[in-house]
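# Secondary and tertiary structure notes
Letter by letter, the chains look like this.
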Amino acid sequence: MKTKSSLWKAGKAGIAAGALLLGTLTVPAVYGDGGHADVNINIPVPSVTIGAPDNYVYYPKYGAYYSSARHQYYYRDHNAWKWGAAPPGVDRNVILGSPSVKMDFHDSPAHHHDEIVRKYPKNWTPDHSDRR
């Protein structure tokens, strides 16, 4: 026999599945004269969206990362990391025309930036075999 606490251990997925199942049940409605009719109960179930991982392209000349999932650039502005349409004072079309390299990580660029800057300095340009 399952206890109340074991039901809660099912987690969000179990609760969502239960709500979905409950929302599909047909329940008899009883009228005052003893008759009944089947009534569908529609319970709204929140949709669960799993976000796409960030994929980054790094632009060494500007020290900026473009996230295809967010459609924004991630860059340092003084001592803070910021998101924006483009780094301050740089036109997006200019950035797109500059050398870039696809990154292999999917977490925050701040965790990898020191290594990336060493590997791809501001004056970095790809040789013919690295073009992407």
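Residues numbered from 1 in each chain as written. Predicted model: local features only at pLDDT ≥ 70, side-chain atom pairs only at ≥ 80, totals over all residues. Heavy atoms only, no water.

### Some points on the packing of aromatic side chains
Which entries qualify depends on this criterion: In summary, the pairing rule links any two rings of Phe, Tyr or Trp, Trp by its six-membered ring, whose centres are within 6.5 Å, and it sorts them by plane angle into stacked for under 30 degrees, edge-to-face for over 60 and tilted for everything else. Secondary structure is summarised from DSSP: a helix means a run of H or I of at least four residues, a strand means a run of E of at least two, and numbering begins at the N terminus for each.
Summed over the entire model, instances satisfying the criterion amount to 10 aromatic pairs. Here tyrosine 65 and tryptophan 81 contribute two aromatic rings whose centre-to-centre distance is 6.2 Å and whose plane-to-plane angle is 55°, an arrangement assigned as tilted. Residue tyrosine 65 is found in strand 4 (residues 64–67), and its partner tryptophan 81 is found in strand 6 (residues 80–84); the two are separated by 16 residues along the sequence. Three or more aromatic residues joined by ring pairs form one cluster here, namely Tyr56, Tyr58, Tyr65, Tyr74, Trp81, Trp83 and Phe105.

### Regarding the nonpolar core
Side chains of a nonpolar character, in soluble globular proteins, are inclined to be buried together. Applicable threshold: Among the buried residues, those of types Ala, Val, Leu, Ile, Met, Phe, Trp, Tyr and Cys that are joined through side-chain atoms within 4.5 Å form a nonpolar core. Exposed residues in this analysis have more than 50% of their type's maximum accessible area, buried residues have under 20%, and partly exposed residues fall in between, with area computed by a 1.4 Å probe over protein chains only. Two residues qualify as a contact provided that any one of their heavy atoms is within 4.5 Å of a heavy atom in the partner residue.
Core analysis: the largest hydrophobic core is formed by 10 residues, namely Tyr56, Tyr58, Tyr65, Tyr74, Val101, Met103, Phe105, Ile116, Tyr120 and Trp124. Dropping the residues within four chain positions of it, phenylalanine 105 is found in contact with Asp54, Tyr56, Tyr65, His112 and Ile116. With 7 residues, the next largest nonpolar core counts Tyr59, Tyr73, Tyr75 and Val90 among its residues.

### Section: the layout of surface pockets
In plain terms, the rule: The rule is simple: put a 1 Å grid over the protein atoms alone, call a set of points where a 1.4 Å probe fits but cannot get out a cavity, call an open set with protein on both sides within 12 Å along at least five of seven lines a pocket, and count a residue as lining if it has an atom within 4 Å of a point. Grid points are joined across faces, edges and corners, and a volume is the space filled by probe spheres set on the points. Under the scheme applied here, ten amino acids are nonpolar (Ala, Val, Leu, Ile, Met, Phe, Trp, Tyr, Cys and Pro), four are charged (Asp, Glu, Lys and Arg), and all others, including Gly, are polar.
Size it by volume and the largest pocket reaches roughly 170 Å³. Looking at the largest pocket, it is lined by 11 residues, and the ones nearest its centre are Met103, Asp104, Ile116, Lys119 and Tyr120. The set of elements that each furnish at least two residues to the lining of the largest pocket consists of strand 7 (101–102) and helix 4 (113–119). The biggest single contributor to the lining of the largest pocket is helix 4, with 3 residues. Partitioning the lining of the largest pocket into residue classes produces 5 nonpolar, 1 polar and 5 charged.

### What about the pattern of salt bridges?
Note the threshold: One speaks of a salt bridge when a side-chain nitrogen belonging to Lys or Arg is within 4 Å of a carboxyl oxygen belonging to Asp or Glu.
Counting across every chain of the model gives 2 salt bridges. For arginine 70, the salt bridge identified is with aspartate 54, shortest N-O distance 3.2 Å. Here arginine 70 is found in the loop between strand 4 and strand 5 (72–77), whereas its partner aspartate 54 is found in the loop between strand 2 (36–40) and strand 3 (56–59), with 16 residues between them in sequence. With a shortest N-O distance of 3.1 Å, aspartate 77 and lysine 82 are connected by a salt bridge.

### Here's the deal with the pairing of strand 6
What counts is decided by this rule: DSSP-based pairing: two strands are paired if at least 2 bridges between them are found.
Where strand 5 meets strand 6, 5 bridges bridge the pair, whose relative direction is antiparallel. Looking at the pairing, tyrosine 74 lines up with tryptophan 83 of strand 6. Linking strand 5 back to strand 6 in an antiparallel pair, the connection comprises 2 residues, with histidine 78 at a positive phi of about 60°.

### Comments concerning the pairing of strand 4
By the bridge criterion, 4 bridges tie strand 3 to strand 4 in an arrangement that is antiparallel. Paired with valine 57 across the strands is tyrosine 66, a residue of strand 4. Linking two consecutive strands that pair antiparallel, namely strand 3 and strand 4, is a turn of 4 residues; a positive phi of about 60° is found at glycine 63 within it. Turn length for the strand 4-strand 5 hairpin, with the two strands adjacent in sequence and antiparallel, is 4 residues, and the turn residue histidine 71 shows positive phi of about 60°.

### Here's the deal with the sheet that holds strand 3
A sheet is described by the order of its strands in space; here 5 strands give the open sequence 6-5-4-3-7, paired in antiparallel fashion. Edge positions in the sheet fall to strand 6 and strand 7, since each of these pairs with one other strand and no more.

Just distances and angles here, no functional claims.
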